[in-house]
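# Results of the structural survey
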Amino acid sequence: MVHTRGRTGSGDRRRRRALAGVPVAALLLLALQGCQEPAAGDAGGKPSATAPGGAGAEGPSAASPGRPSASPTGGTGGAGGAAGDPCALVTRAEAERLAGTALGPGRDLEGTCTYVAPASGPTAQVEVFAGEPGKNYYDAERGLGHELKPLAGIGDEAWLEDGSVFLRASGQWVAIRLVRNEEPSRFDRPLEELARTVAGRL
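Bear in mind that the values here come from a model prediction, so they are computed numbers and not experimental data. (Residues numbered from 1 in each chain as written. Predicted model: local features only at pLDDT ≥ 70, side-chain atom pairs only at ≥ 80, totals over all residues. Heavy atoms only, no water.)

## Some points on the overall build of the protein chain
A tally of regular secondary structure across the protein chain gives seven helices and seven strands. Written out in order from the N terminus, the α and β elements of the protein chain read α-α-α-α-α-β-β-β-α-β-β-β-β-α. Looking at the protein chain residue by residue over its 202 residues, the buried ones come to 27%. Residue pairs at least 24 apart in sequence account for 47% of intrachain contacts in the protein chain once pairs closer than 6 positions are excluded. (Helix = DSSP H or I, 4+ residues; strand = E, 2+ residues; numbered from the N terminus. Buried < 20%, exposed > 50% of the residue type's maximum accessible area, 1.4 Å probe, protein only. Contact = heavy atoms within 4.5 Å.)

Quick look at the structure:
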């Protein structure tokens, strides 16, 4: 009987040791899982650098539409540019044809373009007055009582006097004055033809 109790007591002690070891193993397992979960969370929580819609992908593309175009959108040429430029309304070649002699390059000063013959040639000068200077010249000649002959079919109105022609087209006045030591009536037809050309540019 004594021997039987001894074996029974030894078996009880082994069972108690086995049961006592179960919570320890469970705690170790939980501890291992707790160490692994943050690593998995870190890997999944970091944003992708190449993900569409991210700040890095949208930044450059969003800025591109706002950049101004490097190509010019407009120019100063055309009819509008000629209307405000007396040297464009009457070119050097046209001034030379009117004067009947060679002239120097046009000098543009405050709405007036002047072509002057070189000192080695005959006395000749062509002046073109555009805009307000042209209207002022016309008003001054009217005020002095100079005889002005109307010219039909040129702009809105056109007038001819000795050595000068005045015209209004598209609301703008232009006056052309020729200085030559010759009979003024000789240049009436060239002045009329040039006035018709200028009216077509306004």
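Let's pick the thread back up.
## Side note on the environment of Pro133
In this structure, Pro133 sits in helix H6 (residues 132-143). Once the C-alpha coordinates of Pro133 and Trp173 are considered, the two residues, 40 residues apart in sequence, prove to be 8.2 Å apart.

## Details of the environment of Gly134
The residue Gly134 is located in helix H6 in this model. According to the relative accessible area criterion, Gly134 is buried, its value standing at 0%. Between the C-alpha atoms of Gly134 and Trp173, which are 39 residues apart in sequence, the distance is 5.3 Å. Here Gly134 is in contact with Phe129, Trp173 and Ala175, once residues within four sequence places are set aside.

## Remarks on the sheet that holds strand S6 (residues 164-169)
Strands sit in the order S1-S2-S3-S7-S6-S5-S4 across an open sheet of seven strands; the sheet is antiparallel. Edge positions in the sheet fall to strand S1 (107-109) and strand S4 (149-150), since each has one partner strand and no second. Where S4 meets strand S5 (residues 157-161), two bridges bridge the pair, whose relative direction is antiparallel. If you follow Pro150 over to S5, its bridge partner there is Trp159. The strands touched by helix H7 (residues 188-199) are S5, S6 and strand S7 (172-180); relative to S6, the strand with the most contacts, the crossing angle is about 20°. (Pairing = 2+ DSSP bridges. Axes fitted to C-alpha atoms, helices over the stretch in contact; angles between N-to-C directions.)

## Considerations on the packing of aromatic side chains
In total, this model carries four aromatic pairs according to the counting rule given. With a centroid separation of 5.7 Å and an interplanar angle of 65°, the aromatic rings of Tyr138 and Phe166 are classed as edge-to-face. Taken together, the residues Tyr138 in helix H6 and Phe166 in strand S6 connect sequence positions 28 residues apart. Taking the relative accessible area as the measure of exposure, Phe166 reaches 1% and is therefore buried. Here the aromatic cluster, defined as three or more aromatic residues joined through ring pairs, consists of Phe129, Tyr137, Tyr138, Phe166 and Trp173. Here Arg142 stacks its cationic end above the ring of Trp159, 4.3 Å away from the centre of that ring. (Phe/Tyr/Trp six-rings, centres within 6.5 Å; stacked < 30°, edge-to-face > 60°. Lys NZ or Arg CZ within 6 Å of the ring centre and 35° of its normal.)

## Notes on the confidence of the model for the protein chain
Of the residues in the protein chain, 59% have a pLDDT of 70 or more, and the chain-wide mean is 75. In this model, residues 18-22 is a region of pLDDT below 50 whose contacts with residues beyond four sequence positions or in other chains number zero contacts. (pLDDT = per-residue confidence, 0-100.)

## Structural notes on the side chain of Thr114
Along the polypeptide, Thr114 turns up in strand S2 (residues 112-116). With residues near it in sequence (within four places) discarded, Thr114 still touches Pro105, Gly106, Arg107, Gln125, Val126 and Glu127.

## Topic: H7
Each α-helix winds once per 3.6 residues, and so residues spaced three or four apart point in a common direction. The end-to-end C-alpha separation of H7 is 17 Å, in line with the 16 Å expected for 12 residues at 1.5 Å each. Burial in H7 covers these residues: Leu191, Leu194, Ala195, Val198 and Ala199. Axial view of H7: buried residues confined to an arc of 140°, hence all on one face. The elements touched by buried residues of H7 are helix H4 (86-89), helix H5 (92-99), S5, S6 and S7. (Expected span 1.5 Å × (residues − 1). Arc of directions from axis to C-beta.)

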